[in-house]
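So you can see what is in the structure, the chains are spelled out below.
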Amino acid sequence: KAGVTQTPRYLIKTRGQQVTLSCSPISGHRSVSWYQQTPGQGLQFLFEYFSETQRNKGNFPGRFSGRQFSNSRSEMNVSTLELGDSALYLCASSGEGAEQYFGPGTRLTVT
Amino acid sequence: AQSVTQLDSQVPVFEEAPVELRCNYSSSVSVYLFWYVQYPNQGLQLLLKYLSGSTLVKGINGFEAEFNKSQTSFHLRKPSVHISDTAEYFCAVSDLRAQKLVFGQGTRLTINP
């Protein structure tokens, strides 16, 4: 089976812009989670989607949003970008088991 | 709510030496426990997991971990490390709904020849 894929791998944006990141889960996986990784804060949970519904949400401002499509693919959107949003954004999918499988991430740089 | 503490931010060891990376967690409910590895410029790879049953779990690349409920620990061990084990290692916990992982701050393992 193919693993979790994320596009794009690298992105450079300017403060105030918005960005959309995409994640395709492992085939058959219905749960998709998003995490932000920064040197200062480490790995932090953003949100989790299952069957197009957000089941869980982390402690991030409303500028961070996501959605899931009927084929389980997911997108996350960050509006009005700030310098502090520069991070590696990781997507993970899970199936029937408890473990999550991660993609390679999207490196977002905000200038 | 859960929390995870990785007791060492950096661990340097010589090649072929044994290593232990320490992880303690806090939770008011039963949990699942995981170790992930991250190589430079990559995502996270699952090393091993504890869901239930035997407290000693074996994972990939020769790693193993032991769940100790009384000490709320889940330390990762390898009897003999290789240069290729150089990476950052993350301990993570989730409740039994497994919808969200809470990570420790990571331990950078450096292998010296």
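Positions within a chain are numbered from 1, following the residues in the order the chain's sequence is written. Chain A is the first chain written and ligand 1 is the first ligand written, with later ones labelled in order. pLDDT decides what is reported in this predicted model: residues at 70 or higher carry local features, side-chain atom pairs at 80 or more are listed and counted, and totals for whole chains, interfaces and linings draw on all residues regardless. Water and hydrogen atoms play no part in the side-chain values, which are based on all heavy atoms of the structure.

### A closer look at the interface of chain A and chain B
Part 1 of the argument: Should any heavy atoms of two residues lie within 4.5 Å, those residues are considered in contact. Each partner contributes residues to the interface: chain A has 21 residues there, and chain B has 18 residues.
Part 2 of the argument: Once two parts are brought into contact, the accessible area they lose, counted with a 1.4 Å probe and summed over both, makes up the buried area. Summed over both partners, the interface of chain A with chain B comes to about 1,600 Å²; 52% of that surface belongs to carbon and sulfur atoms.
Part 3 of the argument: Salt bridge criterion: a side-chain nitrogen from Lys or Arg within 4 Å of a carboxyl oxygen from Asp or Glu. With a shortest N-O distance of 2.8 Å, A:Glu99 and B:Lys49 are connected by a salt bridge.
Part 4 of the argument: Each polar contact in these results corresponds to two N or O atoms within 3.5 Å; when the atoms are within protein, one needs to be able to donate a hydrogen and the other to accept it, and residues that are neighboring in sequence are counted only if both atoms are side-chain atoms. Linking chain A with chain B are four residue pairs in polar contact (both at pLDDT 80 or more), by the criterion used here.
Part 5 of the argument: What counts as a helix is a DSSP run of H or I of at least four residues, what counts as a strand is a run of E of at least two, and both are numbered from the N terminus. When residues of the side of chain A that touches chain B are traced back to their parent elements, those giving at least two are strand E4 (31-38), strand E5 (42-50), strand E6 (53-57), strand E9 (87-94) and strand E10 (101-102) of chain A.
Part 6 of the argument: Think of it as three bins: nonpolar holds Ala, Val, Leu, Ile, Met, Phe, Trp, Tyr, Cys and Pro, charged holds Asp, Glu, Lys and Arg, and polar takes everything else, Gly as well. Considered class by class, the residues forming the side of chain A that touches chain B number nine nonpolar, eight polar and four charged.

### What about the pattern of salt bridges?
Part 1 of the argument: In total, this model carries 13 salt bridges over all chains according to the counting rule given.
Part 2 of the argument: Measuring nitrogen to oxygen at the nearest pair gives 3.2 Å for the salt bridge that ties A:Arg67 to A:Glu75.
Part 3 of the argument: Each residue is placed in one exposure class: buried if its accessible area under a 1.4 Å probe, protein chains only, is under 20% of its type's maximum, exposed if it is over 50%, and partly exposed if it falls in between. Look at A:Arg67 and you get partly exposed, because its relative accessible area is 46%.
Part 4 of the argument: A relative accessible area of 16% means that A:Glu75 is categorised as buried.
Part 5 of the argument: Between B:Lys78 and B:Asp85 there is a salt bridge whose closest N-O contact spans 2.8 Å.
Part 6 of the argument: On the basis of relative accessible area, B:Asp85 is assigned to the buried category, the value being 3%.
Part 7 of the argument: Salt bridges sharing common partners tie together A:Arg63, A:Glu82 and A:Asp85.

### So, unusual backbone geometry
A negative phi angle is the norm for most residues apart from glycine, just as the trans form is the norm for most peptide bonds.
Part 1 of the argument: Along the chain, A:Thr7 connects to A:Pro8 via a cis peptide bond; the corresponding omega equals -15°.
Part 2 of the argument: Checked against the element boundaries, A:Pro8 lands in the loop between strand E1 (5-7) and strand E2 (10-13).
Part 3 of the argument: The phi dihedral of B:Glu16 is positive, around 75°, even though this residue is not glycine.
Part 4 of the argument: Along the polypeptide, B:Glu16 turns up in the loop between strand E2 (10-14) and strand E3 (19-21).
Part 5 of the argument: For B:Thr72, which is not glycine, the phi torsion reads 45° and is therefore positive.
Part 6 of the argument: You can see B:Thr72 is positioned in the loop between strand E8 (64-68) and strand E9 (73-78).
Part 7 of the argument: When its relative accessible area of 29% is taken as the criterion, B:Thr72 is described as partly exposed.

### Quick notes on the state of the cysteines
All names here are of chain A.
Part 1 of the argument: Note on terminology: pairs of cysteine sulfur atoms within 2.5 Å are recorded as disulfides. Using the criterion set out here, one finds two disulfides over all chains in the structure.
Part 2 of the argument: The partner cysteine of Cys23 in its disulfide is Cys91, sulfur to sulfur 1.7 Å. Its S-S torsion of about -55° marks the bond between Cys23 and Cys91 as left-handed, since a negative value means left-handed. With Cys23 in strand E3 (residues 19-24) and Cys91 in strand E9, this residue pair connects regions lying 68 residues apart in the sequence. Taken individually, Cys23 and Cys91 each receive the classification buried, so the pair is uniform in this respect.

### Digging into the pairing of strand E10 (residues 87-95) of chain B
Residue and element names in this part refer to chain B.
Part 1 of the argument: The buried count for E10 comes to nine of nine residues, which makes it a mostly enclosed element.
Part 2 of the argument: What you see with E10 is no split at all: Ala87, Tyr89, Cys91, Val93 and Asp95 on one side and Glu88, Phe90, Ala92 and Ser94 on the other are buried throughout.
Part 3 of the argument: Sheet topology note: the strand E5 (residues 31-38)/E10 ladder contains eight bridges and is antiparallel. The residue of E10 that forms the bridge with Val31 is Asp95.
Part 4 of the argument: Bridge analysis of E10 against strand E12 (residues 107-112) gives three bridges, and the strand direction is antiparallel. Bridged to Glu88 within E12 is Arg108. Two strands pair if DSSP finds at least two bridges between them.

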